[in-house]
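Here is what each chain is made of, one letter per residue.
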Amino acid sequence: MVLAAPPARALVTVDDRTRMRLDASRHRLRVARGRKTIVLRLEAVNRGGDPHDVAIRRAGGRRLATTGVIRPGTKPGTFRVRLKPGRYVLYCTIGAGTSRSHERLGMRDTLKVVRRA
């Protein structure tokens, strides 16, 4: 019998001061011995007054998953995604492609997935 490793969990908090904070203990995730990927379950809480979301992409790559828009005062947004070792960017997609892009204003954080030695 093969048992799957439980998903890694991360909490992201967003607010209206153009901040996105990833739970500090989760900036580096380790893939379990004998595995090639890790499953990340992300939960995002909007503590601000404006709508936000959290998306993830491999550094230099395309979007892999998103929470969808999280309105203030609503339940947290979540997603599950399978990640290979590498660097990833968590970011808000609101206003993407404009000068008011939340990502450009600082709503981003990074995550590194590494193989266990």
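Residues numbered from 1 in each chain as written. Predicted model: local features only at pLDDT ≥ 70, side-chain atom pairs only at ≥ 80, totals over all residues. Heavy atoms only, no water.

1. Description of the overall build of the protein chain
Note the following rule: Each helix corresponds to a stretch of at least 4 residues labelled H or I by DSSP, and each strand to a stretch of at least 2 residues labelled E; elements are numbered beginning at the N terminus. Any two residues whose heavy atoms approach within 4.5 Å at even a single point are treated as in contact. For every accessible area listed, the method is Shrake-Rupley and the probe measures 1.4 Å; residues are considered covered only by the protein chains on display.
Looking only at helices and strands, the protein chain has zero helices and nine strands in total. Along the chain direction, N to C, the helices and strands of the protein chain fall in the order β-β-β-β-β-β-β-β-β. Look at the contacts in the protein chain between residues 6 or more apart in sequence, and 67% of them connect residues 24 or more apart. Accessible area of the protein chain: about 7100 Å², with a carbon and sulfur share of 48%.

2. Examining the pattern of salt bridges
Heads up, the rule is: Counted as salt bridges are all cases of a side-chain nitrogen of Lys or Arg within 4 Å of a carboxyl oxygen of Asp or Glu. Partly exposed residues are those whose accessible area sits between 20% and 50% of the maximum for their type, while under 20% is buried and over 50% is exposed, using a 1.4 Å probe and protein chains only.
In total, this model carries three salt bridges according to the counting rule given. Residue R41 is joined to E43 by a salt bridge in which the shortest nitrogen-to-oxygen separation is 3.7 Å. Residue R41 is classed as partly exposed on the basis of its relative accessible area, which comes to 23%. Taking the relative accessible area as the measure of exposure, E43 reaches 24% and is therefore partly exposed.

3. Re the environment of T74
Cut-off, in case you're wondering: We define a polar contact as two N or O atoms separated by no more than 3.5 Å, with the added condition that, inside protein, one atom must be a possible hydrogen donor and the other a possible acceptor, whereas residues neighbouring each other in sequence contribute only through side-chain atom pairs.
Here T74 shows up in the loop between β6 (63-66) and β7 (77-83). A relative accessible area of 46% places T74 in the partly exposed class. There is a polar contact of 2.6 Å between the side chain of T74 and the backbone oxygen of R71.

4. Description of the confidence of the model for the protein chain
Heads up, the condition is: Each residue gets a pLDDT score, which is the predictor's confidence in that residue and runs from 0 to 100.
When pLDDT is averaged across the protein chain, the result is 80; 77% of the residues are at 70 or more. Highest mean pLDDT in the protein chain belongs to β6 (96); lowest belongs to strand β2 (residues 19-22) (58). Predicted confidence for residues 1-5 stays below pLDDT 50, and this span has four contacts to residues more than four positions away or in other chains.

5. Brief notes about the environment of R87
Mapped onto the fold, R87 is located in strand β8 (residues 86-91). Accessibility expressed as a relative area gives 52% for R87, which makes it exposed. Between the C-alpha atom of R87 and that of R28, which follows or precedes it by 59 residues, the distance is 9.3 Å.

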